[in-house]
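So the chains spell out like this:
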Amino acid sequence: MAEGDRERAASAPTGLSPEVLADIVEDAARRIHHVLGPGLLEHVYEVVLGHELMRHRVPVERQRIFPVRYGRVVIPKGFRADLVVDGSLLVEVKSATRLVAVHRQQVVSYCRMAGFSLGLLVNFGGESMDGAMQRVEIAARSGDGADPADPSAFGPLPSLAATALPVVSRDE
């Protein structure tokens, strides 16, 4: 498959919970880090982690594309998840000296946009895997009926609510 194309393992779904899948991914990540060590590109760890999971018959998709919706605007190729494990766990791979808040927020946003309840952030960049993996749980949205991707659910922008905007004709 060409570079950047989505890759998928040809395995049947395991039926395992996202939490159990996260345990499996964490174990595989520790083994990979023990063998390869830190300092390689994220892509290397992503490929090897995907391979390790497939080798153990855990279905995995690499570089799965998800749309991003904002009201009526749909961006078909909104983001790429590094790994989607068994259709129920989103895994974001990093190779950074240390994780920072934006890495965790990225996983939160990806999980929300893709409808996952659990994401796993895995950083191969440190000397050890202690503290290098973070589970990110996404709480179910309240049943208020509002679509989180619908900006009109929040009403008009406060600065525009009291301002009469001129009507512009398309013919002008």
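Residues numbered from 1 in each chain as written. Predicted model: local features only at pLDDT ≥ 70, side-chain atom pairs only at ≥ 80, totals over all residues. Heavy atoms only, no water.

What about helix α2 (residues 42–55)?
Residue pairs three or four apart in sequence face the same way in an α-helix, which turns once every 3.6 residues.
Piece 1. Look at α2: 20 Å from first C-alpha to last across 14 residues, which is about the 20 Å you get at 1.5 Å a residue.
Piece 2. Regarding α2, the residues found buried are Tyr45, Glu46, Leu49, Gly50, Glu52 and Leu53. In a view along the axis of α2, the buried residues occupy a sector of 160°, so they form one face of it.
Piece 3. On its buried side, α2 packs onto α1 (18–36), β2 (60–70), β3 (73–85) and β4 (89–94).
Piece 4. Following α2 by one or two positions, Arg57 has its phi on the positive side, about 60°. (Helix = DSSP H or I, 4+ residues; strand = E, 2+ residues; numbered from the N terminus. Expected span 1.5 Å × (residues − 1). Buried < 20%, exposed > 50% of the residue type's maximum accessible area, 1.4 Å probe, protein only. Arc of directions from axis to C-beta. Contact = heavy atoms within 4.5 Å.)

Some words on the pairing of β2
Piece 1. As paired strands, β2 and β3 are joined by nine bridges and run antiparallel to one another. Note that in β3 the partner of Val68 across the bridge is Ile75. (Pairing = 2+ DSSP bridges.)

Topic: the side chain of Lys94
Piece 1. Mapped onto the elements of the fold, Lys94 is located in strand β4.
Piece 2. For Lys94, a relative accessible area of 8% puts it in the buried group.
Piece 3. A distance of 2.8 Å separates the side chain of Lys94 from the side chain of Gln106, its partner in a polar contact.
Piece 4. Other than its neighbours up to four places away in sequence, Lys94 contacts Glu42, Leu99, His103, Gln106, Leu121, Val122, Asn123, Phe124 and Gly125. (Polar contact = N/O pair within 3.5 Å; in protein donor to acceptor, adjacent residues only side chain to side chain.)

A short note on the confidence of the model for the protein chain
Piece 1. Taken over all residues, the pLDDT of the protein chain has a mean of 87, while the share at 70 or more is 80%.
Piece 2. For residues 1–5, every residue scores under 50 in pLDDT, and the model assigns this stretch seven contacts once sequence neighbours within four places are set aside. (pLDDT = per-residue confidence, 0-100.)

Regarding helix α3 (residues 101–114)
Piece 1. Between the first and last C-alpha of α3 there are 20 Å, a value that for 14 residues agrees with the 20 Å anticipated at 1.5 Å per step.
Piece 2. Residues of α3 that are buried: His103, Val107, Val108, Tyr110 and Cys111. Buried residues of α3 fall within an arc of 165° about the axis and therefore sit on the same side. Exposed residues pointing more than 90 degrees away from the buried face of α3 are listed as Ala101 and Val102.
Piece 3. Next to the buried residues of α3 lie β3, β4, β5 (118–123) and β6 (133–137).
Piece 4. Gly115 sits one or two positions beyond α3 and adopts a positive phi of about 80°.

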